[in-house]
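Structural features, examined
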Amino acid sequence: YSVFSIFNDGKQKELTVGLGIKFPIGSYNDSTPHIEPFSGQTYYTTKPLVMQNSSGATDIVFYSFYYQGYTAQQISFFANAIYIKKGWNPLGEKLGDYARLGIFASKKAGKFGLTLQLAAEWVDKMKINKDIEMYTFLNYDPEATGSRKLFVVPQVSYTIIDNLVMYGLYEIPVYQKVMKIQIASQVQATIGISYRFSPKT
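In short, a report on the structure. (Residues numbered from 1 in each chain as written. Predicted model: local features only at pLDDT ≥ 70, side-chain atom pairs only at ≥ 80, totals over all residues. Heavy atoms only, no water.)

**Some details on the pattern of salt bridges**
So the rule is basically this: Salt bridge, as used here, is a side-chain nitrogen of Lys or Arg placed within 4 Å of a carboxyl oxygen of Asp or Glu. Where helices and strands are cited, they refer to DSSP runs of H or I of at least four residues and of E of at least two residues respectively, numbered from the N terminus.
Under the defined criterion, the tally for this structure stands at eight salt bridges. As a salt-bridge pair, Glu143 and Lys125 come within 2.7 Å of each other at their nearest N and O atoms. In this pair, Glu143 is assigned in the loop between helix 1 (130-135) and strand 11 (147-161) and Lys125 in the loop between strand 9 (112-123) and strand 10 (127-128), connecting sequence segments 18 residues apart. Connected through shared salt-bridge partners, Lys22, Asp59 and Lys86 make up one network.

Pasting the structure below:
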């Protein structure tokens, strides 16, 4: 929903908010067979959620975007925020809620563009229904989930034609806190091409 979009004296301001729902598609309860060595009986253990095709839960997504640009100077500042409220699946599992905030500063010079982003990311710990936990053997540790991260992301772009842009970015973590034993990020480089579809008027 566009809250406002103002263009006046070479200045542009825009605020957009959004609300969405993510429905689970794919299995969430795949299991691995195990053979008991003495009896030869096969029993099954549900795989952790990270190895499933879907979380099996319905999530609610909140989104917002703010933009302020200066046409003459070819400078723009913008920010976006996303919050995902995770739902419970039928197995009594709930992935941690997710939030990310990005603040950007961008400058254009001809066909080249330079953008600097400061991004903060928060992931809550996973939760397990206590009644389910009493009767199920967990092959993962919910306490080893959740994280706090802060990134600096420089990006360079080149406009090939109109809406076709080639870009490259380098994501540098400056602060990370993970719970117990987890895999943390080092650096991540991305190169890509994007095309923006614009309706003809």
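**Considerations on the pairing of strand 12 (residues 164-178)**
In regular strands, side chains alternate between the two faces of the sheet. Here is the rule we go by: When DSSP finds two or more bridges between two strands, those strands count as paired.
Pairing geometry for strand 11 and strand 12, over 12 bridges, is antiparallel. For Gln155, the partnering residue across the bridge sits in strand 12 and is Leu169. Taking the residues that link successive antiparallel strands as the turn, the strand 11-strand 12 hairpin has two residues, and the phi of Asp162 there is positive, at about 30°. One ladder, built from eight bridges, connects strand 12 with strand 13 (residues 188-195); its direction is antiparallel. What sits directly across from Val165, in strand 13, is Ser194.

**Side note on a nonpolar patch on the surface**
Let me state the cut-off plainly: Only residues above 30% relative accessible area that lack a salt bridge enter a patch, with like-charged residues linked at up to 9 Å and the nonpolar side chains Val, Leu, Ile, Met, Phe, Trp and Tyr linked at up to 5 Å. Using a 1.4 Å probe, accessible areas were evaluated by the Shrake-Rupley method; residue-level cover was limited to the displayed protein chains.
A cluster of nonpolar residues, Leu19, Ile21, Phe23, Ile60 and Phe62, forms a patch on the protein surface that exposes about 540 Å² of accessible area. Among the secondary structure elements, those contributing two or more residues to the nonpolar patch are strand 2 (11-22) and strand 5 (59-70). With respect to the helices and strands, the residue Leu19 is situated in strand 2.

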